[in-house]
Each structure stands twice: as C-alpha cells, then as structure tokens.
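Each chain, written out:
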Amino acid sequence: MRTLDEEISQLRASVLLEQLTNVRGAAQTDVVMATTGLTTTTTELPIVGPFDLREIAMMGFGHRDERSFDGVMRMALCLDGDYERQVGVAAQQFGDRLELQVQSLGDPLSDTEAGALRKQVARVISLDHDGEAFHQLCLSDPVLARIHLKAPGFRPALFYSPYEAALWSIISARRARSQGITLRARMSELYGANFELSGTRTLCVPTPSALLEIESVPGLPADRIPRLHAVAQAAQRGVLNADRLRAMAPEDAQAELQRLPGIGPFYSSLIVIRACGHADAPTLGEPRSRAAIQQAYGIDHELSDAELLDLAESWRPWRTWVSVMMRALGA
C-alpha cells in the first residue's frame, strides 16, 4: 500500500513525464547549417525540486570524467529508439528550467524524435522524477539529511542509454577506467561522430549499424569485437530499449541481459540500474555505495544483503537515488 506522499509524488512524476514527452515549445530556434550537415535547435526541460547541473555534470562515472565545469554539460548520444541517430546536446541551467542546444546530423529532428530526445536527456540527468519528493525524503532522515545537504541539487547522472552502457561494459571490462575512456574515445573517433558543443569537441559512439562494420579497434582485444557486434544486434532487435527494460522487474531485465556474451551479473546490473532511469531499484552490487552507507550510519561491520535491504526500506521509493548519493557525496 502506497502512502499519500508516494501517491502525490507519482502524480507529479506523471505530469512531469507528460511535459517531457510533449514537444510543445521544443523547437524555439531552428538553424540549418548546410556547410557542416548539422541542424541546430533549442529546447527546454522543466526542473522540479532542488537541482544543480554542475553537481550532475561533475559526478564522474563511466566514460564521463569532467575535471571542470563552465556552466555547460555536453552530451553526444545515440537517440533512443533504434539508436541510429546521433545527436549532440549542450545543456545549461537557468533557474527552474534547463535549456538544451541540440545538434543533429542531417535533417532536423522530427516531432517524435524531439520528444524522444527530451525524454532521454531528462532520464540521463534524472529530471524525469519528482525531485521535491526526493528532497523531502532525505530531510526526514537525519543521516540522509547530513549527506544530502552537502549538495541538495545532486541527482544521479546516468549512461546515455542501455545501448551505450552495454558498449561501455564490453570496452572497460577488466581494465582501468582511464583505459576504458581512452578506448571509447578511440572507437568513437574512428567509427562514431563528433559535435562541436559550446566550443568543445564531443565524441559520440558508433550507431549499431556502424558498430557491426567494425573489425578492430586499436588497443581493444580481438575477442571483444564479436561481443560488440552482439550488443549492436541486440539493439537492433529492441532488446536494449530503455522503456522496455525499465518496465521489467530489474532482476528479470538483468537475467535477460546476461544472455549477451561478455555481460555478467555486475554489468547487467550496471546497465539496468545506471542506464534505464530506475529511482527505486536496490543496488546490492556496488561495494563503494555499501561502504559509504555503513560509514554514514556508523555500522561497524560489512552489511549483508539482507541487512542492506532492511535498512533501505525507509528510503522507498528512492533506494537507487539514495545509494548513488551516498557513494557520490558520503566521503
């Protein structure tokens, strides 16, 4: 049985989702640059609750390794759907709205694509949930409040899509994160796309069809190429559709993803929890989050899964966000 606060939060989230998918006012400017083959448009996203784009842009995970923030969060991504459209996004916060400068290769985005982009970006920077409800939940717990008030505008940053999280899983497996970042950039340079976003060149990974054409990537072991091809084929079949995976029970989605070569329990959890936009999926497989939680609550032993789940009951419906917050801000 959901509480009244959870019902209100769900209603707010439903209204917010309608705003995000509605392209009303999305294309405020439309400039076609024939010499570069790029189309630039401007759109906005509403912000509900405390939100600080700097905290999210500087979070640091996966391939993102920002060392400074000039007011712009730059993203180059394969558009949700079949992931065959590459888009560059420069996001800036102005009070309770986020302005997006969007670059697309070729024709301007259709209304459907513009709506998909707004929804995707909102998911990536956790604007697709009721941030005010999360804020109130944190304030209700003295331990969470102490961490949360270090940066009230912090929210989890996600991979751009399950497709890109799967690519990262294959590329970065059993190597230092810095090496994974280098390999991703190299693959994107050779086979992907690049966008000039607010004066900074930003690389986008290859589309699934381009990925299937790759025979080698300098520095990447040869046995990873068939695994990348399997990810591309899964994307083409719709297996890596974000809405589809998010609608499944997390454990079922993870089990399905583990059928892909090279995707085991750790990386299937990474894809489901850190790319699909869950706010309330328990995160048991991240030792750094667990350690931060133990420290914050003054627990003198390593939490078992059962103990962690029991502690996290009071965090519903924000167990994922709390776990990520504790890892990012708890030190």
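This write-up is about the structure you can find in this document. Residue numbers restart at each chain and count upward from 1, following the sequence in its written direction. Where totals are concerned, whole chains, interfaces and linings use all residues; where local detail is concerned, this predicted model gives features only for residues with pLDDT of at least 70, and gives and counts side-chain atom pairs only at 80 or more. The side-chain quantities take in all heavy atoms of the structure and omit both hydrogens and water.

The term salt bridge refers to a pairing of a side-chain nitrogen on Lys or Arg with a carboxyl oxygen on Asp or Glu at a separation within 4 Å. Inspection of every chain in the model, using the stated rule, returns 19 salt bridges. The salt bridge partner of Arg85 is Glu113, with a shortest N-O separation of 2.9 Å. Taken together, the residues Arg85 in the loop between strand 3 (73-78) and strand 4 (86-94) and Glu113 in helix 3 (residues 111-124) connect sequence positions 28 residues apart. Assessed through its relative accessible area of 16%, Arg85 is described here as buried. For the purposes of this entry, the term helix denotes a DSSP run of H or I that reaches at least four residues, the term strand denotes a run of E that reaches at least two, and both are numbered from the N terminus. A simple rule labels every residue: compare its accessible area, found with a 1.4 Å probe on the protein chains alone, to the largest value its type can have, and call it buried under 20%, exposed over 50%, or partly exposed in between.

Turning our attention to empty space enclosed by the protein. The method is simple in principle: a probe with the dimensions of a water molecule rolls over the atoms, and the space it marks as empty is what remains. Here a cavity means grid points, on a 1 Å grid over the protein atoms only, where a 1.4 Å probe fits yet cannot get out; a pocket means an open set of points with protein on both sides within 12 Å along at least five of seven lines; lining residues are those with an atom within 4 Å of a point. Grid points are joined across faces, edges and corners, and a volume is the space filled by probe spheres set on the points. In this structure the tally under the stated criterion is four cavities of 30 Å³ or more. Estimated volume of the largest cavity: approximately 70 Å³. Every residue along the wall of the largest cavity is listed here: His63, Phe159, Tyr160, Glu164, Leu167, Trp168, Ile171, Arg184, Met187 and Val205. Going through the elements one at a time, helix 6 (162-172) and helix 7 (177-191) are the ones with two or more residues in the lining of the largest cavity. Broken down by element, the lining of the largest cavity gets its largest block of residues, four residues, from helix 6. Charged means Asp, Glu, Lys or Arg here, nonpolar means Ala, Val, Leu, Ile, Met, Phe, Trp, Tyr, Cys or Pro, and polar covers whatever is left, Gly included. Classifying every residue of the lining of the largest cavity gives seven nonpolar, one polar and two charged. Reported here for the second largest cavity is a volume of approximately 60 Å³. Around the second largest cavity, the lining residues are Pro282, Thr283, Leu284, Ile293, Leu308, Leu309, Ala312, Trp315, Arg319 and Ser323. The biggest single contributor to the lining of the second largest cavity is helix 14 (residues 305-312), with three residues. Looking at side-chain class alone, the lining of the second largest cavity contains seven nonpolar, two polar and one charged residues.

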